[in-house]
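Reading the structure
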Amino acid sequence: MSGWKVFGSLEKRLEDPSLLRGVGRFLDDIQVSGMLHAAFVRSPHSHARILHIDSNSALTIEGVRAVYTLDDLRPYLNNKRLVVGLPSPSYKQELDRPALADKEVVYVGEPIAIVVAESRYLAEDAAAIVNIEYEILPAVSDCRLAVEKSSILAHTQSPHNILAQFDMRYGEVESTFDNASYIFKENIWQHRGGSHSIECRGAVSFYEPTEDLVTLYSSTQSAHTAKNILIDMLGFDENKVRVIIPDVGGGFGPKLVFYQEDVSVVLAAMILGKPVKWVEDRREHFISTTQERDQFWEVEIAVDGEGQILGLRGSMVHDHGAYTARGINLAFNSALIVSLPYKVPCYFLEVLLAVTNKVPVTPVRGAGHPQGIFVMERLLDRVARELGIDRAEIRRKNLIKSDQMPFKKELETRGGSPVILDSGDYLSCMEQALEKVGYRDFSVRKEKALKEGKYVGLGFANYVKGTGRGPFETVKVKVGTSGKILVYSGAAAMGQSTRTMLSQIVADFLGGDVENINVITGDSSAVPIGIGGSASRQTVTAGSSALLAAKEVRNKLLKVAATLLEVSEEDLEINGRQINVKGVNEIKMDIGEVAHAVAGTPGYALPPGFEPGMESTKNFIVDDLTFVNGTVAVEV
Amino acid sequence: MGETRKISLTVNGKSYEEEVEVRFHLADFLRQKLGLTGTHLGCEHGVCGACTILMNGKSVRSCLMLAVQADGQELTTIEGIAPSEDEMHPLQEAFRDNHGLQCGFCTPGMLTTLLEFLEDNPDPSEEEVRIAISGNLCRCTGYQGIVAAALDAAQRLRDAKGV
Ligand code: FES
Ligand code: FES
């Protein structure tokens, strides 16, 4: 390989020039000729029965084309529900969202009807006068009350409000707690929050009769998931649906979810035979984009007189919201992560997922992990206070030390693989953070501030979190006959420099020129299968696949070029678009020419011994998670 | 279509005369009528700052103005910041060099806000920069890179002026 090394060196982001000049292409920037605009009629009630929907006056507004409810969409639906839940044996009931509300609304913001008009202004005018008669039903909003036997039902058709139930356990919990010197109990109530990417959600869809193809542009984190759900709901063949992700203005989890609005926009476009666009506004984002986080924990920690942790036990109720828009993963992640950075000899947590009349809950920035970490750190602060031990000291005592690694936790990931903390120096990480935040002389600052009438506080937390979630992300690397290098992947870019990352990895093997690489992500037609952007996974999965594919293409490029140039492969190098004999600039070929030689000409033989095409598709497969650690410290 | 009115205005040095619905807000007008989609909408409530543009050199939220209110005014949007096709403004360069953006959705508002700010205050402190962008929300970067970019841009602009 030549002297350059692109990956690991400081590169300017390839995404930036167009974003800085205002010529990026986000969902709302897409204009298709003849496009109509949609607005949704949403439930103002957290729980109600829909008695009657009257859209007559809405339809009289000039420029309003249609108002569709579930009844209007039903004839086009193969499956009227969005089946998205990640698998788990712990479910007690299935609560998949209907494409639009089906007789009963179960949260404020639930879409009931889609209104399509010549402009968004008109669509909103019309949506405001769609008249719906409701019978208001009692609602349940507190997950603690929801799981009680006598609770009001969040869905009138459900047997109870328990979505799922599971527990996590290892070690001798009962005897440890029976014999512990100290047991401290905390009730921790974690509140709800939204994701609020600055760009809201959105969809543009159109149907092309010439190709018999439905296209959906969506501000989503996973094109292939969206495509698969559409295929399921519409009963279409695989090759009749294409999902494309334009520039995305932040994802943060909720854009991983496929929504009622997505399928409604697709159907409206199909029925009307016109492109339809819907862009969520901020108010809608507050009430209809999935949210995260209300959990109620009752937990006890057992310690000895020195502050050494002996065990942890308790229960947690997780507010799942009104429907399953993702699965049980948040509660699972919270439960799994609690003890990770520390030596905790025994653990028991009983988890209940409660159905409530609130917006469905799915991953938002951390997917349940921050909740579990918060609980552990609060418990440790409590122990420190009770036993009069310094907060840092109590953590020093209990953190897993680097010389104890690899450290196997008696826990399993949701896919059943073991939790092995293979490396890391948690202690020195924490010490560095404390040093940086000035922990040692915090008390001096605190006292001084108090004299000035100000209250300051300092908090810190340690975390260990699994990243790089598998199982794979396909990448195809191809050298075109134009000499351009093309990188196709199921990965999705939401601002995390995916294009720069993949270009850097590929460039290291194929000439070092990132400008000569086109990265095509977030397009279901680019590669047959894909997973998308979540769980800090794309550099690990797509990046590794890109590396393997680029390596293979490099080998083939050199082999074919060596045959064509009649030199030995070892003597060749790739510089930019050129393959030449090392140090001899005269004996050279453009990589496009080399690709051309194996692209095939009818009736002529390929160079002997070569398969056609200058490309490679790879799937780096990984099941285990990589556990990273960190310490967060803040003074306020 | 509701009541309309004819307006003329200059955007990024180019004159336009357009018939516009009186209820159209300025951001929708720029994006939909003029095709200048670089100005982004994050809230349409005057909260996020993504839609900030310059009107006669002063920052305004284009979601909180009607298009008709811009009649006769001179506007600058993100598309008008770079001096040419192959050259970027020092503020844009500084954003690129300091990780001042990830997804880039808040960026139009950040750039326009800072452009005005650095004009008024060419040698700001870090705290002054933070106050200047306190009306612009970014959910990706954590602001550190944006603040660093603003300070770096101030330096570049001062260097260019030889002060
Ligand atoms: S869109 Fe104007 S301030 Fe948010
Ligand atoms: S860069 Fe994404 S919101 Fe600021």
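This one's a predicted model, so the numbers in the text were calculated from it and none came from an experiment.

A few words now on the domain arrangement of chain B. A common way to express how large an interface is: the accessible area buried when the components associate. All names here are of chain B. Here chain B is partitioned into domain 1 (4-80) and domain 2 (90-161). Taken over C-alpha atoms, the centre of domain 1 sits 22 Å from the centre of domain 2. Each partner contributes to the interface: domain 1 provides 18 residues, whereas domain 2 provides 14 residues. Interface area for domain 1 against domain 2, summed over the two sides, is near 1,200 Å², with a carbon-plus-sulfur share of 57%.

To continue, consider the nonpolar core. Residues and elements named next belong to chain A. Residues F166, I301, Y347 and M376 are the most contacted members of the largest nonpolar core, which totals 73 residues. Looking at this core element by element, the count peaks at eight residues for helix α11 (residues 369-387). Apart from the residues within four sequence positions on either side, M376 is in contact with I301, I309, L312, V338, S339, Y342 and V344. Membership of the second largest hydrophobic core comes to 40 residues, among which are V477, L557, V560 and M589.

Before going further, it helps to examine the sheet that holds strand β15 (residues 295-303) of chain A. Backbone-to-backbone hydrogen bonds join strands into a sheet, with any given pair of strands oriented parallel or antiparallel. Residue and element names in this part refer to chain A. The strand order across the open sheet built from five strands is β9-β17-β16-β15-β10, with neighbouring strands paired in mixed fashion. Strands at the two margins of the open sheet, each flanked by one partner only, are β9 (162-170) and β10 (182-190). Between one strand axis and the next, the sheet turns through 10 degrees on average, direction left out of account. Two strands pair when backbone bridges link them, and strand β16 (residues 309-321) and strand β17 (residues 347-355) are joined in this way by nine bridges, in the parallel orientation. Each residue of the ladder has a partner; that of G321, found in β17, is V355.

A separate point is the packing of aromatic side chains. Residue and element names in this part refer to chain A. Inspection of every chain in the model, using the stated rule, returns ten aromatic pairs over all chains. With 5.4 Å between their ring centres and 85 degrees between their planes, F40 and W278 make a pair best called edge-to-face. Residue F40 is found in strand β1 (residues 36-42), and its partner W278 is found in strand β14 (residues 276-279); the two are separated by 238 residues along the sequence. Just as F40 is buried, W278 falls in that class too. Both rings, one in Y439 and one in F460, keep their centres 5.3 Å apart while their planes meet at 75 degrees; by these two values the pair is edge-to-face. Taken together, the residues Y439 in the loop between α13 (426-437) and α14 (442-451) and F460 in strand β20 (residues 458-467) connect sequence positions 21 residues apart. Of the two residues, Y439 and F460, neither departs from the other in class, the shared state being buried. Against the face of W189 rests R144, its NZ or CZ located 4.4 Å from the ring centre.

This paragraph deals with the interface of chain A and chain B. Each side of the interface is counted separately: chain A has 32 residues, and chain B has 39 residues. For the chain A and chain B pair, buried surface summed over both sides reaches about 2,900 Å², with 53% attributable to carbon and sulfur atoms. The largest share of the area that chain A buries against chain B comes from L20, R21 and Y121 of chain A, three residues that together contribute 29% of it. In this assembly, chain A and chain B are joined by four salt bridges. Notably, a salt bridge pairs R23 of chain B with D125 of chain A, separated by 2.7 Å at the nearest N-O pair.

Reading guide: rules and limits
- Residues numbered from 1 in each chain as written.
- Chains lettered and ligands numbered in written order.
- Predicted model: local features only at pLDDT ≥ 70, side-chain atom pairs only at ≥ 80, totals over all residues.
- Heavy atoms only, no water.
- Domains from an automatic or database assignment.
- Contact = heavy atoms within 4.5 Å.
- Buried area = accessible area lost by both parts, 1.4 Å probe.
- Core = buried A, V, L, I, M, F, W, Y, C linked by side-chain atoms within 4.5 Å.
- Buried < 20%, exposed > 50% of the residue type's maximum accessible area, 1.4 Å probe, protein only.
- Helix = DSSP H or I, 4+ residues; strand = E, 2+ residues; numbered from the N terminus.
- Pairing = 2+ DSSP bridges.
- Axes fitted to C-alpha atoms, helices over the stretch in contact; angles between N-to-C directions.
- Phe/Tyr/Trp six-rings, centres within 6.5 Å; stacked < 30°, edge-to-face > 60°.
- Lys NZ or Arg CZ within 6 Å of the ring centre and 35° of its normal.
- Salt bridge = Lys/Arg side-chain N within 4 Å of Asp/Glu carboxyl O.

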